[in-house]
Amino acid sequence: MGTDKKRVQFRAPNRLIDRADALAAVLGEDRTDVLVTALREYLQDAAHDDARTQEIAAAYYDDEITFEQLKALVGAEEAANLRVLKQQLDEDFIDEVADA
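Per an unreviewed UniProt entry, the chain is named Ribbon-helix-helix protein CopG domain-containing protein, and its organism is Haloarcula limicola.

Right under this line is the structure:
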């Protein structure tokens, strides 16, 4: 993973932040490390959840996310497969419209 970082700011329930702070103290890390790890693991799990992957694919097919965003979410191999499928679906649609 690259060393480029982006500052983000968000609001979270106090109890959630208190739990993150407690875990950070136990691990000898800071809150940011705990939150980054949690976010990384959540995104990894989401990319391997079939229902979530279908949502991600649908967003790509509907041009709500770019191919680069797709690749970041599901990995290069799965993204390549979904791009081919999207191209096939687009070609089928064009053929159907041409035949109508």
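Moving on, there is more to tell.
A look at the nonpolar core
Grouped together as the largest cluster of nonpolar side chains are 10 residues: I56, A57, A59, Y60, I65, F67, L70, V74, A79 and L82. Elements that contribute at least two residues to this core include exactly α3 (50-61), α4 (67-74) and α5 (76-99). The leading source of residues in this core is α3, at four residues. The residues touching A79, leaving out its near neighbours within four places in the chain, are F67, L70, K71 and V74.

Thoughts on unusual backbone geometry
Unlike most non-glycine residues, D63 shows phi in positive territory, near 60 degrees. Of the residues examined, D63 reaches a relative accessible area of 58% and is grouped as exposed.

Remarks on helix α1 (residues 14-27)
The α-helix winds at 3.6 residues per turn, so residues separated by three or four positions along the chain end up facing the same way. Taking 1.5 Å of rise per residue, 14 residues should cover 20 Å, and α1 covers 20 Å from first to last C-alpha, within 8% of that figure. For α1, the full list of buried residues reads I17, A20 and A24. With its buried residues spanning 60 degrees around the axis, α1 presents them on a single face. More than 90 degrees from the buried face of α1, the exposed residues found are N14, R15, R19, A25 and V26. Those residues of α1 that are buried are in contact with α2 (31-47).

With respect to a negative patch on the surface
Judged by side-chain charge, E41, D45, D49 and D50 come together as a negatively charged surface patch. Mapping E41 onto the fold places it in helix α2. The partly exposed category is assigned to E41, whose relative accessible area is 48%.

Comments concerning the layout of surface pockets
A water-sized probe rolled over the atoms picks out the places where empty space is left. Estimates place the volume of the largest pocket at around 1,500 Å³. Considering the residues around the largest pocket, the lining is formed by 34 residues, among which T32, L35, V36, L39 and R40 are closest to the centre. Listed by contribution, the elements that provide at least two residues to the lining of the largest pocket are α1, α2 and α4. Per-element tally for the lining of the largest pocket: the top contributor is α2, with 12 residues.

A word on the pattern of salt bridges
Tallying each qualifying case throughout the model produces four salt bridges. Put simply, D21 and R31 hold a salt bridge, and the shortest N to O gap is 2.7 Å. Taken together, the residues span a long stretch of sequence, with D21 in helix α1 and R31 in helix α2 at a distance of 10 residues. Taking the relative accessible area as the measure of exposure, R31 reaches 39% and is therefore partly exposed. With its nearest N and O atoms 3.7 Å apart, the salt bridge here joins E55 to R52. Taken together, the residues E55 and R52, both in helix α3 and three residues apart, mark about one turn of the helix. Among the residues examined, R52 registers a relative accessible area of 35% and is labelled partly exposed.

Basis of the calculations
Residues numbered from 1 in each chain as written. Predicted model: local features only at pLDDT ≥ 70, side-chain atom pairs only at ≥ 80, totals over all residues. Heavy atoms only, no water. Core = buried A, V, L, I, M, F, W, Y, C linked by side-chain atoms within 4.5 Å. Buried < 20%, exposed > 50% of the residue type's maximum accessible area, 1.4 Å probe, protein only. Helix = DSSP H or I, 4+ residues; strand = E, 2+ residues; numbered from the N terminus. Contact = heavy atoms within 4.5 Å. Expected span 1.5 Å × (residues − 1). Arc of directions from axis to C-beta. Patch = residues over 30% accessible without salt bridge, like charges linked within 9 Å, V, L, I, M, F, W, Y side chains within 5 Å. Areas by Shrake-Rupley, 256 points an atom, 1.4 Å probe, with all protein chains shown as cover. Salt bridge = Lys/Arg side-chain N within 4 Å of Asp/Glu carboxyl O. Lys, Arg positive; Asp, Glu negative; His and termini not counted. Charge placed at Lys NZ, Arg CZ, Asp CG, Glu CD. 1 Å grid on protein atoms, 1.4 Å probe; cavity = no way out; pocket = protein on both sides within 12 Å on 5 of 7 lines; lining within 4 Å. Points joined across faces, edges and corners; volume = space filled by probe spheres on them.

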